[in-house]
Amino acid sequence: MQAEPTSQGATPGPRPKRAPLALPPGPSADPAGPPTLPPFPAVHPPELEPDNAIKPIVKLSGTFTWAAGARAALGMGLPFAIVTAVLGIGDATFAALGGYTVLYAAKEPYARRAITLALVGLGLAAALGCGSLAAGSPLLYVPLIALVATVATFLCGALQVGRPGGYMFTLVCAMGAFLPHQPDLVPQRIALVLAGAAGAWFVSMSGWLVRPRHPEHMALAACFEALADFFAAIGHDDPADIARHRASEAVHTAWVTVLRADTKRNRRTGEARRLRVLCRRALDLFQAAQMLAVERSRPIPPAISDTVRALAGAVGKPRLVPVMPAVLADTETAAERALRTALRAAANAAGQPAVAEGEIIPGRRPTARERLRAAFDRASLVPPTALRTGLGVGFATLAAALLPIVHPVWVAIAAAAALQGGNVVLDFGRVTQRAIGTLLGVAVIALFFHDLKPGPWIVVCSVALLFGATQTVISRNLAVGAACVTPVGLFLASAGRPDAHVGDLASTRLIDTILGLTVGLVASLILWPRASATRLPRQLGRAVRAEAILLRVMVGGQTVDNPAWGSTRRAARRELLDLWSVYEGALGEFTGRRHDAERLWPAIVVTQRLGYRVMTAPEHYRAKPPEPIPEEDRELLDAYLGELASAAEERRTPMLPELPDLWGHPVLRQHLKRLGQAITSAAEPVPAWHLPEFVQQRLPAPPAWFLYGARRAPAGDTGQSQRPAPNRGPGDRT
């Protein structure tokens, strides 16, 4: 499918015989006939289930992240080695703590990455300084470590810093709190952490010298890959809901990545304009795929999805731009014509190293104040996650202070690591895998390196190599990653002590880690265990209200080629993405609310399909808008959607008014009727004997005012999205 483009943009020679692309008109083509919609599944597909605790241990998922491993090894190893050569191994351990900066912002554009890494380095230095000042006094360091864990988790979630989030700040603060109390050495320790962070900053930013646009290329390539999967899923027996969601999420991620790199300086370059155009073309391809998914009843030719997939390789290498498939030569329906136009435009933009004139990406980057304000919204999961982490780490630190623990820092660190999953099921899986990985790592040390007295350079090389190996494999298997990182803590703990044996600390590491993991798991079970399930009805109502705004524009026959429409559509897309992600999070909550969440699945599917159809249909009618419906019918439609949203938020049976005819939009009317039926069915009481016993005996949840205070008005379109951690894959970069 990949070839060098000719000057005319087509392959010379006779045109091959093609399979017919056009099919009989879909359900939206005949307004007079009864529309036939695809079936809506009553239960969610198995792909949405969170990973259990056993299967990820014995399998490898994803790919080895060699680049992340090499970057981690150099980011920690170089500062560690330099400070060791100048000051010795004892002081160099603080520089190694600053090297944790290299784990952050790995997928961010370099302009944003430079600022993020600098702030992370300052935060790590501040965390170590606070912990060192409180060292020696449990009355000080126990609440301090809990406060640092809470604040760091909240800020990382609100500002969308990404993994490992607040975990490393908690680790560094705990390391400082359990050092000997030496206030006069605190400035020196802070300076060493800043030196290590500076070395990690240079290593992480070094890619800018070779591939300054690599993060944007990766985001757009992943976007085209997801779009190809969406095209391949169209027309099959299984609905393409998962493929549609992942393609929409990839388009949104690419838009955010390119927008974050869109500085005034970059905007003047031809490559930056090319990326903006490609981002717009990816959105056009998603719209065309959604139109095809509505009207098609059997799969599209594989040549189309192969061509879209080949565009992923052409993002970074324009010479690999694919040739347009001959199957698009003759098109019959509006969706096919839109696909042909979008695919040709995308290939044309991908085949140019630079674009003289490009489209400005609509929207703006939200400010830090807007992100923090959005994090305090009642629909955000950031506050309960931060409080759960802080309290769990605080209880673990208190237990370590009260019990005769040799290295209490490992208890606090293990508790923080256990609370990184996002829900009970993922936390339990992480605890199991980390415990097994720690056991493997300790067993290797105890059996083969018990009497090892490593010299300074053996410690430096071992720590760098093991830390890099951890980041290479941890995304594929968390247990193997934990086994690789366990000796790192043992080497650092024995550094600077010439008579220390590495194996002497092995059993202590295992006991302390299991204690910390246990405390973290208990905190996950009892502290806001139903945060996602409680938020799900409200998020469903928010998505319906966002769709109501789009529907009013659509049925009113208004033109949509303006910035206001694009902002409204992006806001609706974020609400749909959040709705899906919150449902995934609710499936991982080990309480009775999971059953309530599963009953909402038909309503979620209807809302998703209705929303994406409404976002696509105005593009279809841009040249010739449909005849608007009367004003009284629009008022009835607003009342109908408002009652649906209120009933979804309150989990009650909707008292629906009359639904107008919506002449010219029969499929939308069918979607609205099905949405009302789905919300009504979800609100029906379930007999107690149908529920499991643990569902009938639910744990009480804290009142909403305890976390969120008074009810707030919804925030404006700032580009902010408060999505919980997805259920796909247990690995991370911690």
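Residues numbered from 1 in each chain as written. Predicted model: local features only at pLDDT ≥ 70, side-chain atom pairs only at ≥ 80, totals over all residues. Heavy atoms only, no water.

Engineer: Give me the lowdown on the overall build of the chain, citing residues and values where you can.
Structural biologist: Helices and strands together make up the secondary structure of the chain, namely 27 helices and 0 strands. Out of the 734 residues belonging to the chain, those deemed buried represent 56%. Counted over contacts in the chain with a minimum sequence separation of 6, partners at least 24 positions apart contribute 85%. A total of about 31100 Å² of accessible surface is found on the chain, and carbon and sulfur atoms cover 63% of it. (Helix = DSSP H or I, 4+ residues; strand = E, 2+ residues; numbered from the N terminus. Buried < 20%, exposed > 50% of the residue type's maximum accessible area, 1.4 Å probe, protein only. Contact = heavy atoms within 4.5 Å. Areas by Shrake-Rupley, 256 points an atom, 1.4 Å probe, with all protein chains shown as cover.)

Engineer: Which residues make up the environment of Thr63, and what are the values?
Structural biologist: Mapped onto the fold, Thr63 is located in the segment before helix 1 (66-87). Along the backbone, Thr63 and Thr472 are 409 residues apart, and their C-alpha atoms lie at a distance of 8.9 Å. Among all residues touching Thr63, those that are not within four sequence positions of it are Ser475 and Arg476.

Engineer: Now, about the nonpolar core: what can you tell me, with residues and values included?
Structural biologist: If you look at the biggest cluster of nonpolar residues, it comprises 102 residues, and the most contacted ones within it are Phe224, Leu227, Phe231, Leu285 and Leu672. The dominant element in this core, judged by the number of residues it contributes, is helix 10 (residues 270-295), at 12 residues. Leave out the neighbours within four places in its chain, and Leu672 touches Leu551, Leu610, Leu637, Tyr640, Leu641, Leu644, Leu659 and Leu662. Of all hydrophobic cores here, the second largest spans 63 residues; its members include Ala96, Val148, Val193 and Leu505. (Core = buried A, V, L, I, M, F, W, Y, C linked by side-chain atoms within 4.5 Å.)

Engineer: Residue-level account of the packing of aromatic side chains, with values.
Structural biologist: Geometrically, a pair of aromatic rings is defined through the distance of the ring centres and the angle of the planes. All told, the structure shown has 9 aromatic pairs when counted by the stated rule. Relative to Tyr612, the ring of Phe286 has its centre 5.6 Å away and its plane inclined at 70°; by these criteria the two rings are edge-to-face. On the criterion of sequence distance, the pair formed by Phe286 in helix 10 and Tyr612 in helix 23 (residues 601-620) is long-range, its members being 326 residues apart. Taking the relative accessible area as the measure of exposure, Phe286 reaches 0% and is therefore buried. In this structure Tyr612 comes out as buried when scored by relative accessible area, which is 1%. Between Trp580 and Trp601 the ring centres are 5.5 Å apart and the planes differ by 75°, which places this aromatic pair in the edge-to-face class. In this pair, Trp580 sits in helix 21 (residues 563-587) while Trp601 sits in helix 23, placing the two residues 21 residues apart along the sequence. Across the pair, exposure class does not vary: Trp580 and Trp601 are buried alike. Through a chain of ring-to-ring contacts, the aromatic side chains of Phe230, Phe286 and Tyr612 assemble into a single cluster. The ring of Trp410 is capped by Arg509, whose NZ or CZ atom sits 5.1 Å from the centre of that ring. (Phe/Tyr/Trp six-rings, centres within 6.5 Å; stacked < 30°, edge-to-face > 60°. Lys NZ or Arg CZ within 6 Å of the ring centre and 35° of its normal.)

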